[in-house]
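Chain residues, written in single-letter form:
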Amino acid sequence: MRKIVLVYSGGLDTSVCIPLMREEYGFDHIITVTVDVGQPRADIQQAEDRANKLGTEHYTLDVRDEFVKDYCFPSVKANGDYQGYPISTSIARPLIALKAVEMAQKLGANAFGHGCTGKGNDQFRIEYVLRTLMPDAEIIAPMREGRLMPDGSRSPWTRSEEIDYSNAHGLEISHTKDKLWSIDENLWGRSIEGGHLEEPNYAPPEEIFHWTRSLEDCPNTPRLLTIGFENGVPVSLDGVSLSPLDLVEQAHKIAGEHGVGRVDIMEDRMLGLKVRENYECPASVLLLTAHRALEALVSTQGELKFKKMVDTEWGELAYKGLWYDPLKEDLEAFINKIQERVTGTVTLRLAKGSAIVVGRDSKNALYNEDLASFDSKTFDQTDSTGMVKMHGLQGRMYWLLKNSK
């Protein structure tokens, strides 16, 4: 019996994979694994219903706590973003693939399937983990490999062809050819793409946003919110200690009510394709903004300069799904050392789509009011005279030589 584990979301691509794996790849035992990293409950239920209808051996795994503690919060420590938005989909994929591997090992499967296309990033992220943890396993990617033609060749799938195929097989997928955008959600962010949204000059309709209010619908009264951190990790909201999952969910709700977290960017994918992406990231934008402010209070200028480079490199690795790369471990050794001092509170003002830092406090602050104040005489300003005279000395020497020729 050929047994395969399908990484299953319940959406169009992965649902189409099920009959394809039977008809074109010869698998007679399909195990579908849906990993709950914060999708809507309705999506989880839909995946379970479709898997049962399509006759698979189905498993739903709730890993939300693990996702927040081991993936989202390390991203907070690293100020994790990519080209200006908080990485969210990318940090969920390694965990999803890890759980697929664990199920395959438990159930005796040595093949994996996924619904990634050949243009996107997720094929890299998922297959990297599968190949790292089960290097001898067979990997099937029907959407990337294309549909089987009468002459034995394969032709790339289009989204419209997938819809036609699903309708012909009674899959009852809700996509239409006029409304083709694809949505991916987890606790840390929501991506919306496809259809007209791919056009750089197309104004996104308000209906695509589910987590954040429009500016018109935001409260007129701003909200002050204080976030507490310990060792770089958020632990409380307005002085109330919360579990990691509860904290993210509450931050998500509060920020979303004030329209915080919408991101519209042109993104460079791993294959070099430049694509337009829309994101909703209320909790992550809120927590990352606060974390950066607290880190700036307790870290030296040199640390902040170097960490910015480290964070950028970490974000690139995470974006590519290289969760087990040794460089990532090396970078985290530095990141975690810095976080030992990132303890304190940050207060933000949430209003009409903005999250502005209005206060920060820490026992580890490198700020000294007496030294910084213009009213203080502790700092003898005359001591600066000699330093100012030497400032830019080599540049001044260069300028004199240049203008003497």
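Just so it is clear, the structure is predicted and the values come from calculations on it, not from any experiment.

Draft legend 1. Main features of the environment of Cys 281. Note on placement: Cys 281 falls in the loop between strand E16 (274–280) and helix H9 (282–298). As a C-alpha pair, Cys 281 and Val 357 span 76 residues in sequence and 17 Å in three-dimensional space.

Draft legend 2. Expanded view of helix H8 (residues 244–257). Its 14 residues give H8 an end-to-end C-alpha distance of 20 Å, which sits within 8% of 20 Å, the value for a rise of 1.5 Å per residue. The complete set of buried residues in H8 reads Leu 245, Leu 247, Val 248, Ala 251, Ile 254, Ala 255 and Gly 256. In this fold, the buried residues of H8 make contact with helix H3 (64–77), strand E12 (223–230), strand E13 (233–237), H9 and strand E17 (344–351). In the segment just after H8, Gly 259 is the residue with positive phi, at about 75°.

Draft legend 3. Representation of the sheet that holds strand E3 (residues 57–62) within the structure. The 5 strands lie next to each other as E3-E2-E1-E6-E7, forming an open sheet whose pairing is parallel. On the outer flanks of this sheet lie E3 and strand E7 (138–140), each paired with one strand and no other. The average undirected angle you get between the axes of adjacent strands in this sheet is 25°. By the bridge criterion, 5 bridges tie strand E1 (residues 3–7) to strand E2 (residues 29–36) in an arrangement that is parallel. Within the sheet, the bridge partner assigned to Ile 4 lies in E2 and is Ile 30.

Draft legend 4. Fine view of the pairing of strand E18 (residues 354–361). Pairing analysis gives 7 bridges linking E17 to E18, with the strands arranged antiparallel. By the bridge assignment for E18, Thr 345 is matched with Asp 361. If you look at the hairpin formed by E17 and E18, you'll find 2 residues sitting between the two strands, and Lys 352 has a positive phi there, around 50°.

Draft legend 5. Region of interest: the side chain of Asn 186. Examined against the element boundaries, Asn 186 turns out to sit in strand E10 (residues 182–186). Polar side-chain contacts of Asn 186 include one of 2.7 Å to the backbone nitrogen of Trp 188. Aside from chain neighbours lying at most four places away, what touches Asn 186 is Val 37, Gly 38, Phe 67, Ser 88, Thr 89, Ala 92 and Trp 211.

Draft legend 6. Expanded view of the sheet that holds E13. A sheet is described by the order of its strands in space; here 5 strands give the open sequence E14-E13-E12-E17-E18, paired in antiparallel fashion. Lying at the two open borders of the sheet, with one neighbouring strand each, are strand E14 (240–241) and E18. Strands in contact with H8 are E12, E13 and E17; relative to E13, the strand with the most contacts, it is inclined by about 65°.

Draft legend 7. Layout of the environment of Thr 221. Tracing the chain through its elements places Thr 221 in the loop between strand E11 (189–193) and E12. Distance in space between the C-alpha atoms of Thr 221 and Pro 200 is 33 Å, their sequence separation being 21 residues.

Draft legend 8. Structural view of the pairing of E16. Among the 7 residues in E16, 6 count as buried, and that is most of the element. When E11 meets E16, the two strands line up antiparallel, connected through 3 bridges. Of the residues in E16, the one forming a bridge with Arg 190 is Glu 280. As paired elements, strand E15 (residues 262–268) and E16 share 7 bridges and run antiparallel to each other. Looking at the pairing, Glu 267 lines up with Val 275 of E16. Connecting E15 to the antiparallel partner E16 that follows it, the hairpin turn spans 5 residues, and Gly 272 within it adopts a positive phi of roughly 95°.

Draft legend 9. Focus on unusual backbone geometry. Phi angles above zero are rare outside glycine, and Gln 83 is one such case at about 55°. Locating Gln 83 in the fold gives a position in the loop between strand E4 (81–82) and strand E5 (85–86). Even without a glycine there, the phi angle at Asn 231 is positive, about 50°. Its place among the elements puts Asn 231 in the loop between E12 and E13.

Draft legend 10. Helix H2 (residues 41–53), seen in detail. Compared with an ideal rise of 1.5 Å per residue, which puts 13 residues at 18 Å, H2 spans 18 Å between its outermost C-alpha atoms and is within 8% of the ideal. Among all positions of H2, only Ile 44, Ala 47, Glu 48, Arg 50 and Ala 51 are buried. With its phi angle positive at about 75°, Gly 55 sits one or two positions after the end of H2.

Draft legend 11. Structural context of the nonpolar core. Core analysis: the largest hydrophobic core is formed by 80 residues, its most contacted members being Phe 67, Phe 112, Ile 227 and Leu 286. Met 21, Ile 163, Leu 171 and Ile 173 belong to the second largest nonpolar core, which has 23 residues in total.

Draft legend 12. Quick peek at the pattern of salt bridges. For the coordinates displayed, the defined rule picks out 28 salt bridges. Note that Asp 264 and Arg 276 form a salt bridge whose closest N and O atoms lie 2.8 Å from each other. On the criterion of sequence distance, the pair formed by Asp 264 in strand E15 and Arg 276 in strand E16 is long-range, its members being 12 residues apart. On the basis of relative accessible area, Arg 276 is assigned to the buried category, the value being 5%.

Thresholds applied
The numbering scheme is per chain: residues are counted from 1 as the chain's sequence reads. In keeping with the predicted nature of the model, local features appear solely for residues at pLDDT of at least 70, side-chain atom pairs appear and are counted solely at 80 or more, and the whole-chain, interface and lining totals rest on all residues. Excluding hydrogens and water, the side-chain figures rest on all heavy atoms present in the structure. Elements are defined by DSSP. Helices are runs of H or I of four residues or more, strands are runs of E of two residues or more, and each kind is numbered from the N terminus. Every helix has an expected span of 1.5 Å times one less than the residues it contains. Only protein chains enter the area calculation, which uses a 1.4 Å probe; residues under 20% of their type maximum are buried, those over 50% are exposed, and those in between are partly exposed. Here, two residues are considered to be in contact whenever any of their heavy atoms come within 4.5 Å of each other. Only strands joined by at least two bridges in the DSSP assignment are considered to pair. What counts as an axis is a line fitted to C-alpha atoms, over the stretch in contact for a helix, and the angles between N-to-C directions run from 0 to 180 degrees. Any pair of nitrogen or oxygen atoms within 3.5 Å is treated as a polar contact; in protein, a donor-acceptor pairing is required on top of that, and neighbouring residues in sequence qualify only through side-chain atoms on both sides. To define a nonpolar core, start from buried Ala, Val, Leu, Ile, Met, Phe, Trp, Tyr and Cys residues and group those joined through side-chain atoms within 4.5 Å. The rule for a salt bridge is simple: a side-chain nitrogen of Lys or Arg has to be within 4 Å of a carboxyl oxygen of Asp or Glu.

Geometric descriptors of this kind do not, in isolation, establish any biological role.
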